[in-house]
Amino acid sequence: MAGDSETHLKGREENGHTIRQPFLIGVSGGTASGKSSVCGKIMELLGQNKIDHHQRQVVILSQDSFYKELTPEQKSKALKGQFNFDHPDAFDSELIMKTLHDILQGKTVHIPVYDFVAHSRKDEFVTLYPADVVLFEGILMFYSQEIRELFQLKLFVDTDPDTRLSRRVLRDISERGRELEQVLTQYITFVKPAFEEFCLPTKKYADVIIPRGADNLVAINLIVQHIQDILNGGVTKRQNDLINGHGTPRQRRTSESSRPH
């Protein structure tokens, strides 16, 4: 499978031990294409969803958590369905970069919680503990070259437009309290044009394209196997150990031996 597993073995020295960097996987695709469902299915098949957050080896991040704070004027437009949340400028790319760099350094990070009804960040955050593999999903994960180049594996969830629209309508009405007319107007005015201009062109950067999203168990199982290889060290790790003249796994910091989440 595409993606540089060997990058996962690179790390930094701390107290004489090599601290391995996490393996970053970007997951992109259009609105309601099934990005979250694919990530959730991967977690389920790996058994990570049954593990305490502090102990998880695989974790999920969403680009939706990183929407910028809106000005009063922008919030007024948003409440009327007249703000473009699918444009690259709607996201706090600087915070995304800082968060990813902190994750690569093995730090515990705090992720904002976004209120989609009020269109603002809540006065709370989610704590993300160090993990071996990080799945970061979002419609524009591959748009910024600076962010895109941090991912060792890039997945694109490819679902037909009619399915995506129907899912978005149901979600926005049931979960976000929107009216049908507002949802459709926003889709035609902002969502569809933004997908065609900003999201779809990034499909070419994907290492793996997943048609039909979470229903494509063949593709998902291949990705799960790849992640299991990473968690177990994989072929590249064994090769790396031989190059370094030893056959045992590199030491990891005691406090991270369980790889929280």
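Keep in mind it's a predicted model, so treat the numbers as computed, not measured.

Draft legend 1. A look at the pairing of strand 6 (residues 120-128). With six bridges connecting them, strand 5 (residues 109-115) and strand 6 associate as antiparallel partners. Paired with D115 across the two strands is S120, which belongs to strand 6. Counting the residues in the hairpin turn of strand 5 and strand 6 gives four residues, including H119, whose phi is positive at 60 degrees.

Draft legend 2. Up close: the sheet that holds strand 9 (residues 208-211). The five strands lie next to each other as 4-7-3-8-9, forming an open sheet whose pairing is parallel. Since the sheet does not close on itself, it has two edges, and those belong to strand 4 (58-62) and strand 9, each with one partner. Neighbour-to-neighbour, the strand axes of this sheet turn through a mean angle of 20 degrees, independent of strand direction. Strands in contact with helix 1 (residues 35-46) are strand 3 (23-29), strand 4, strand 7 (133-137), strand 8 (153-158) and strand 9; relative to strand 4, the strand with the most contacts, it is inclined by about 170 degrees.

Draft legend 3. View of the packing of aromatic side chains. What the rule picks out here adds up to 10 aromatic pairs. Between Y143 and F198 the ring centres are 5.6 Å apart and the planes differ by 85 degrees, which places this aromatic pair in the edge-to-face class. Of this pair, Y143 sits in the loop between strand 7 and helix 4 (145-148) while F198 sits in helix 6 (residues 180-199), and the two are 55 residues apart along the sequence. F198 gets classed as buried once you look at its relative accessible area, which sits at 8%. Over the face of the ring belonging to Y205 we find R148, whose NZ or CZ atom lies 3.6 Å from the ring centre. Above the face of the F116 ring, R176 is positioned so that its terminal group lies 4.0 Å from the ring centre.

Draft legend 4. Inspection of the nonpolar core at higher detail. Counting 23 residues, the largest nonpolar core has I25, I42, V58, V133, L155 and I227 as the members making the most contacts within it. Elements that contribute at least two residues to this core include exactly strand 3, helix 1, strand 7, strand 8, strand 9 and helix 7 (217-231). Look past the residues within four positions of V58 in its chain and what remains in contact with it is M43, L46, Q48, A131, V133, L135, I227 and L231. Residues L61, F66, F136 and L150 belong to the second largest nonpolar core, which totals 20 residues.

Draft legend 5. Spotlight on the pattern of salt bridges. For the structure shown, the criterion picks out 11 salt bridges. Residues K203 and D158 are paired through a salt bridge, measuring 2.8 Å at the closest nitrogen-oxygen approach. Of the two residues, K203 is situated in the loop between helix 6 and strand 9 and D158 in strand 8; the sequence distance between them amounts to 45 residues. By relative accessible area, which is 26% here, D158 ends up partly exposed. Between D172 and R178 there is a salt bridge; the shortest N-O distance is 3.8 Å. Among the charged side chains, a salt-bridge network with shared partners connects R168, R171, D172, R176 and R178.

Scoring rules and cut-offs
Residues numbered from 1 in each chain as written. Predicted model: local features only at pLDDT ≥ 70, side-chain atom pairs only at ≥ 80, totals over all residues. Heavy atoms only, no water. Pairing = 2+ DSSP bridges. Helix = DSSP H or I, 4+ residues; strand = E, 2+ residues; numbered from the N terminus. Axes fitted to C-alpha atoms, helices over the stretch in contact; angles between N-to-C directions. Contact = heavy atoms within 4.5 Å. Phe/Tyr/Trp six-rings, centres within 6.5 Å; stacked < 30°, edge-to-face > 60°. Buried < 20%, exposed > 50% of the residue type's maximum accessible area, 1.4 Å probe, protein only. Lys NZ or Arg CZ within 6 Å of the ring centre and 35° of its normal. Core = buried A, V, L, I, M, F, W, Y, C linked by side-chain atoms within 4.5 Å. Salt bridge = Lys/Arg side-chain N within 4 Å of Asp/Glu carboxyl O.

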